[in-house]
Amino acid sequence: MGKKLSLEKMNNTRELGGLVAANGHKIKDDTLYRSGHLFFASKNDLDAIQQLNLSHIVDLRSPLEQSQRPDPAIEGTKHISLPAVTDELSGITRDEESDEHASEMLISRMSADKETAINYMVDLYENLVSNEYCLGQYHKFMELLADNNTNKILWHCTAGKDRAGLATVFTLEILGVNRDDIIENYLETNVNLKEEIDELVEMLRTKKFFTGDDESIRTFFGAREEYIQAMYKKVSETYGSFQNFIKNGLGVTAETVEKLRSKYLV
C-alpha cells in the first residue's frame, strides 16, 4: 500500500509507488508522494525531503493557513500554492491561529456528539466534489501531474487527510488502482496520525471551550470510511460513474488519462 517515509515530525508522509494499477501495472517508485504540511519538519526531515529530488511540492491548504505556517523552502524544488478551498470555504484546520474564536466554536460543536462530527465531515467531502472552485483546483492539480516538467511531486494539506486525501483518491482512480486499495490507502492516515490525534485530544482537554467527548473529536480529526464513501456516492449521483466525474467534473480528458498512466505506471 505504498511506503511510509521514516521521518521525525511528518508522520503521514508516504509514497504511492508499488500500488497495483490499471492492467496489472504498478505505480512507479519514487515519483508520487502525499503528506501533511512541512512547517514542523525537523532538520533531518528536510534533509530527507531534499534527497527525494522533488520537482514540485503542492500546498493544498487555504491561503490563510499557508501564510501562517508556510512551507520551508526546499532547494531545487518548485513550490506551488494550489488551495483546494478558499479561506471562506475552509471548514477544518488544525491551526489554532486561524481565526481562533471560529476554530474554538467549530471544535466545540464537533465534539458535542459523534453524529454531528460525521455529518459535518460528510458535508465537507461532498462539497469537495461538487463546488466549482474546488473542482477547478483539482483540475489544475491533475494538469500539473501531467505536465512534462513534473517528474517527482509531493502534495499536502495540513494533516494529509482530507484535501490531500482526495487529491490522492482522484490520482489513484485515474491510474486505475482498485477501489478497495484506494480506501485502504486513505484509512492508513489513522495509523500514521494516531499519536498526533492522541496529543491533540489531550491538549483540547485543557481548553475551557472543549466540553465534548474524546470519541467525537477523534471522529472529527480522523479518517473514516463514511467520509470517502459519501464522496463516492455524491460522484455517482451527480455524474453516474467515476469515469464521468474524471471527464466532466475534473475536466481530465482521455488523452490526459493515458498520458498520466504512461508517465507514472510501470
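Scroll up for the structure.
Residues numbered from 1 in each chain as written. Predicted model: local features only at pLDDT ≥ 70, side-chain atom pairs only at ≥ 80, totals over all residues. Heavy atoms only, no water.

### Here we look at the packing of helix α4 (residues 114-128) against helix α9 (residues 214-221)
At a minimum axis separation of 8 Å, α4 and α9 run at an interaxial angle of 10°. Accordingly, the angle class assigned to the pair α4 and α9 is roughly parallel. Residues Lys114, Ala117, Ile118, Tyr120 and Met121 of α4 lie in contact with α9, whose contacting residues are Glu215, Ser216, Thr219 and Phe220. Among the residues forming the contact of α4 with α9, the class breakdown is five nonpolar, two polar and two charged. (Axes fitted to C-alpha atoms, helices over the stretch in contact; angles between N-to-C directions. Helix = DSSP H or I, 4+ residues; strand = E, 2+ residues; numbered from the N terminus. Parallel < 35°, antiparallel > 145°, perpendicular 65-115°, else oblique. Contact = heavy atoms within 4.5 Å. Nonpolar A, V, L, I, M, F, W, Y, C, P; charged D, E, K, R; others polar.)

### Quick look at the pairing of strand β6 (residues 153-156)
Side-chain alternation along β6 places Ile153 and Trp155 on one buried face and Leu154 and His156 on a second face that is also buried. When strand β3 (residues 32-35) meets β6, the two strands line up parallel, connected through four bridges. Bridge pairing links tyrosine 33 to leucine 154 in β6. Relative to β6, strand β4 (residues 56-59) runs parallel, the two being bridged by four bridges. (Buried < 20%, exposed > 50% of the residue type's maximum accessible area, 1.4 Å probe, protein only. Pairing = 2+ DSSP bridges.)

### Side note on the packing of helix α10 (residues 225-239) against helix α11 (residues 242-249)
The contact between α10 and α11 brings their axes to 9 Å, and the two run at 75°. Accordingly, the angle class assigned to the pair α10 and α11 is roughly perpendicular. On the side of α10, the interface is formed by Met231, Tyr232, Val235 and Tyr239, while α11 contributes Phe242, Asn244, Phe245, Asn248 and Gly249. Classifying every residue of the contact of α10 with α11 gives six nonpolar, three polar and no charged.

### What about α4?
Here α4 is 15 residues long and its end C-alpha atoms lie 22 Å apart, about the 21 Å a rise of 1.5 Å per residue gives. Those residues of α4 not exposed but buried are Ala117, Ile118, Tyr120, Met121, Val122, Leu124, Tyr125 and Leu128. (Expected span 1.5 Å × (residues − 1).)

### Side note on helix α12 (residues 254-264)
Three or more residues of α12 are buried, namely Thr256, Val257, Leu260, Lys263 and Tyr264. Angular distribution of buried residues about the axis of α12 spans 135°; they occupy a single face of the element. Pointing more than 90 degrees away from the buried face of α12 are the exposed residues Ala254, Glu255 and Ser262. (Arc of directions from axis to C-beta.)

### Focus: the side chain of threonine 171
With respect to the secondary-structure elements, threonine 171 resides in helix α6 (residues 163-175). Take threonine 171: its relative accessible area is 3%, and that puts it in the buried class.

### A closer look at the pairing of strand β5 (residues 78-81)
In this sheet, β5 lies alongside β4 in parallel orientation, the contact comprising four bridges. Considered in β5, the bridge of isoleucine 57 is made with histidine 79. In terms of handedness, the path from β4 via helix α2 (residues 63-68) over to β5 forms a crossover that is right-handed. (Right-handed = clockwise from strand over helix to strand, strands pointing away.)

### Looking at the environment of valine 257
If you trace the backbone, valine 257 turns up in helix α12. Classification of valine 257 by relative accessible area gives buried; the value is 13%.

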